[in-house]
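Architecture and fold: a report
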Amino acid sequence: MPIVSRRDALLRHLRPFARGSARAGVARAYLLGLVALGVVVISLIPSIQPLLQNGDSAVYNDQVDARQLGIRTTHIGYIALGMAFRALLPGNTDLIMNVMSLVVGGFGLFAVYCSALKLSESILGGVLAVAIVAAIPAYLRGMALSEVDVPLAALIAIAFALRLHARLVLSALVFGYAMLVSPLAALALPAFVIPFSTARDQRLRLRGEARRILIFGALSLLLYGSVVLLNWQDYVFGGRGILHAPRKAFDLATHVQRSLTFFRGECGLLLLPLGFGAAFALWRGLYGLVFGTLAVLALSLLLGERFIDVPVQLPTVLLAAPWVSLIVIPRWPWSRWVFGIAVSVIVVHWRASAMTALRQEIARLADERATYRAVADSSTLPVVLANVNGFEETNRLERIVFGRTHTGRALSRNEMRRRCARFAREDFAIWFVRPPLTPPCAPLGERYALSRRRVGGRVLGVLLPRSAAH
Amino acid sequence: MSGDTETLHEMGVSTRRMSGNLASVYDWRTGFSSAGADSSSSRPTAPTRATAAVGHSWRTTGDVLTPKIRARVRRGLSKMAAPPSKPPSAELESKHSNTDSVSALVSDLAAIIAETDRLAQIEDSDRLTREAVEFARNSLGIERVCIYLVESSEPQVVLRGTWGTSNSGLTTDERGLAHTYSREDFEFLRGLHARGELWDHCLLESRDNDRRCLPWTREDRGWLATTPLVSGREVLGVFYNDTAISRAALDPTKQAKLATFGSLLAGLTRDRLGQQRGAVPKTSRFIHKVLYAGRPDSGPERARRGGDWLS
């Protein structure tokens, strides 16, 4: 069975993998990829705990719990994926969602490996490409702590790998699903159009390629559009709808700055092998591949960077990672050692710091969870969390303490003042998340007394009714 | 009044200065002049600069006033310092305006009752909510209004849109919109009427700080009023309204009318929901007949609550 499809115009000039189409060789190559993937996944397993990355994770997990698909439909694919995992696996939803991210992120890594294998016919090249992605802090973090970003990037990488392997229908469907995970997937569209329409030896068959692109677009749109049509109002006008999603005003300088910050902070030294990979890709005549990914980068910079707190360039890195495999040139056996060792050193160094940062974050979140679980368990009175800051912390703490968000019991100081009358009428245990440890209004001061309690290794201030305090 | 002035004149107190001062220290809130108050007066007075000045001039004259004279002086000064009575025409106008506002209120309330009565005849829930929104906008003068009904209250409170008002003041279909509502706020809405309040009103923060925004509100938000549709201590939905088009301030009269309408509408909605819950679809009836050979008389809701339908 030839690995390089006859229909795959871009890669026709590359030699078929395994020289002679040996099935065993092909199977071994993919098996090795799975082993490499397994190593990455196993290294992350200790980090998989029932933790929440941010406030968005909390509200998405809530939706998965409630099996509510009709809200925040711009991420309906992500919620549906979570619900599928929730139905299959027993246990805490927060944990299951993190497992889901790990699994989907793992498939994304495998897709990068497959793409690299397809481009370079080199197992080492494929492993290096995977190692590059597995060293990116944002990807590692997203694999251990569920959010939309990693499933989105992984699905785009899977769709791209399938497209490279000439699985047009599957690729289109996966890309359509990626659009359902987040509409930001649309920014990756150039990578699916440019490389396959600009291949040098395909100019004579441009019409055929145009037809494939059309099929790809139609099938993606069919899956994506049908789901969107069913929920069009929420999708367009909802709180997370494409018209109302939180975003900044367009400012090119800020967008460039944000993208630069991402590449500097998340890729850093990894940009070196990626740059070399791009050069080698161009040297091998894979212009469409490079320009397609660069177009994704530009589009993400122009349109994607408006959305706050979203690593929009993450899919770009996953699309560019297979380039790295091209620096292993079969004609130069020494390149295997030189480039292999050089890239490995960079990857090991970068991944070590990324893993350290991830472990620290996991430890911090685990400590926070333990503390606030203890708060929830230690109080016989209904708990209120005071002096909570912002959307992220509010939803995360609500999910930890109350098991759901939107309880209205995790409040900023201003919100506490606004609802003072309510809390002054009944008995609550009002825990201060941070100073000042003073009642936010006079009626609370009259009814409650401040005491300090040690919970989960921390000392927190708590207002208890004077009757209960004694 | 002339007699009192003369008495003061005899006492050597400059009437002109006194009246000016006294007029200025009349307490318009209590209707009592503090100028004539002596140290034995039990009514508390605000220590204004004018009071102090008068008190000083009083003391300089010596304590020569007998209680009788003092009482007379106080009566007279009160008259002098009393706010000018309205001319008969102004009083008439005031009476007319009061009558007008009362009659307007009565006609509005009558319109609300008539509309509710008319809405009760509408069987289609979609049409009912749509016409309710249009009535609130066109007849009650609520600028931008929409109705969200409670879709589920467990595990989260989810409000589902019905019909609303666009930025250009036209009716919009919002049935595809839904959002979660804070549990604590929901409980707050439930007890709103018991606390003697009719609506909840909040100033909205900028979007940068507040991502828990309602999908319905505009980017340039000002305030948002939430009027619950409560019936039998159960919140069935809410009216959201704002003035994002005109940017006008909240009008309590309009809000009160909306709350009245909402209350009547809630009763209507509750009856409708009760009917819907009680109704068993034909398919279910058939399946039940085949499986259990019984007669479903209370619907799936009762079964879910542990009723005997499926037992």
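Structural data are supplied above this passage.
Here the residue numbering is sequential within each chain, running from 1 through the sequence in written order. Working convention: letters from A go to chains and numbers from 1 go to ligands, in the order in which they are written. Selection of residues for local features in this predicted model requires a pLDDT of at least 70, selection of side-chain atom pairs for listing and counting requires 80 or more, and totals for whole chains, interfaces and linings are taken over all residues. Hydrogens are left out, water is left out, and the side-chain values use all remaining heavy atoms of the structure.

Take the packing of aromatic side chains next. Working definition: an aromatic ring pair is given by the centre-to-centre distance plus the angle between the planes. All names here are of chain A. When two rings of Phe, Tyr or Trp (its six-membered ring) have centres within 6.5 Å they constitute a pair, described as stacked for plane angles under 30 degrees, edge-to-face for angles over 60, and tilted for the intermediate range. Inspection of every chain in the model, using the stated rule, returns 19 aromatic pairs over all chains. Taking 5.9 Å as the distance between ring centres and 90 degrees as the angle between the ring planes, the aromatic pair formed by Phe-160 and Phe-192 counts as edge-to-face. Here the residue Phe-160 occupies a position in helix 8 (residues 149-164), and Phe-192 occupies one in helix 10 (residues 190-197), the gap between them amounting to 32 residues. When sorted by exposure, Phe-160 lands in the same class as Phe-192, which is buried. Judged by centre distance (6.4 Å) and plane angle (45 degrees), the ring pair of Phe-276 and Phe-339 falls under tilted. A run of DSSP states H or I qualifies as a helix once it reaches four residues; a run of E qualifies as a strand once it reaches two. Both are numbered from the N-terminal end. In this scheme, a residue with accessible area under 20% of its type's maximum is buried, one over 50% is exposed, and one in between is partly exposed, where area comes from a 1.4 Å probe on protein chains only.

A few words on the interface of chain B and chain A. Any two residues having at least one pair of non-hydrogen atoms within 4.5 Å are treated as being in contact. Counting from both sides, the interface comprises 28 residues of chain B and, opposite them, 33 residues of chain A. Salt bridge, as used here, is a side-chain nitrogen of Lys or Arg placed within 4 Å of a carboxyl oxygen of Asp or Glu. Counting across the interface, chain B meets chain A through 3 salt bridges. Ionic pairing is found between Glu-184 of chain B and Arg-409 of chain A, a salt bridge with its closest N-O pair at 2.6 Å. N or O atoms within 3.5 Å of each other form a polar contact, as long as, within protein, one can give a hydrogen and the other can take it, and as long as residues adjacent in sequence are counted only when both atoms are side-chain atoms. In this structure, the connection of chain B to chain A is made through 12 residue pairs in polar contact (both at pLDDT 80 or more). Considering each element in turn, the side of chain B that touches chain A owes the most residues, 4 residues, to strand 7 (residues 178-181) of chain B. Residue type decides the class: Asp, Glu, Lys and Arg count as charged, Ala, Val, Leu, Ile, Met, Phe, Trp, Tyr, Cys and Pro as nonpolar, and the leftover types, Gly among them, as polar. By residue class, the composition of the side of chain B that touches chain A is 7 nonpolar, 6 polar and 15 charged.

Among buried residues, those of type Ala, Val, Leu, Ile, Met, Phe, Trp, Tyr and Cys that are joined through side-chain atoms within 4.5 Å constitute a nonpolar core. Membership of the largest hydrophobic core comes to 113 residues, with the highest contact counts inside it found for Tyr-139, Phe-192, Leu-270 and Leu-314 of chain A. Aside from chain neighbours lying at most four places away, what touches Phe-192 of chain A is Ile-156, Ala-159, Phe-160, Arg-163, Ser-171, Phe-175 and Phe-216 of chain A. Core analysis: the next-biggest nonpolar cluster, separate from the first, contains 21 residues, Ile-112, Val-133, Phe-135 and Phe-261 of chain B among them.

Here we come to the pattern of salt bridges. Close approach of charged atoms allows side chains of opposite charge to pair. Residue and element names in this part refer to chain A. Applying the stated criterion to the full structure yields 30 salt bridges over all chains. A salt bridge links Asp-56 to Arg-240, with the shortest nitrogen-to-oxygen separation between them at 2.6 Å. With Asp-56 in helix 3 (residues 55-66) and Arg-240 in the loop between helix 12 (232-237) and helix 13 (252-267), this residue pair connects regions lying 184 residues apart in the sequence. Judged on exposure class, the residue Asp-56 and its partner Arg-240 are both buried. What emerges from the salt-bridge pattern is a single network uniting Asp-62, Asp-65, Arg-86, Asp-94, Arg-369 and Arg-399.

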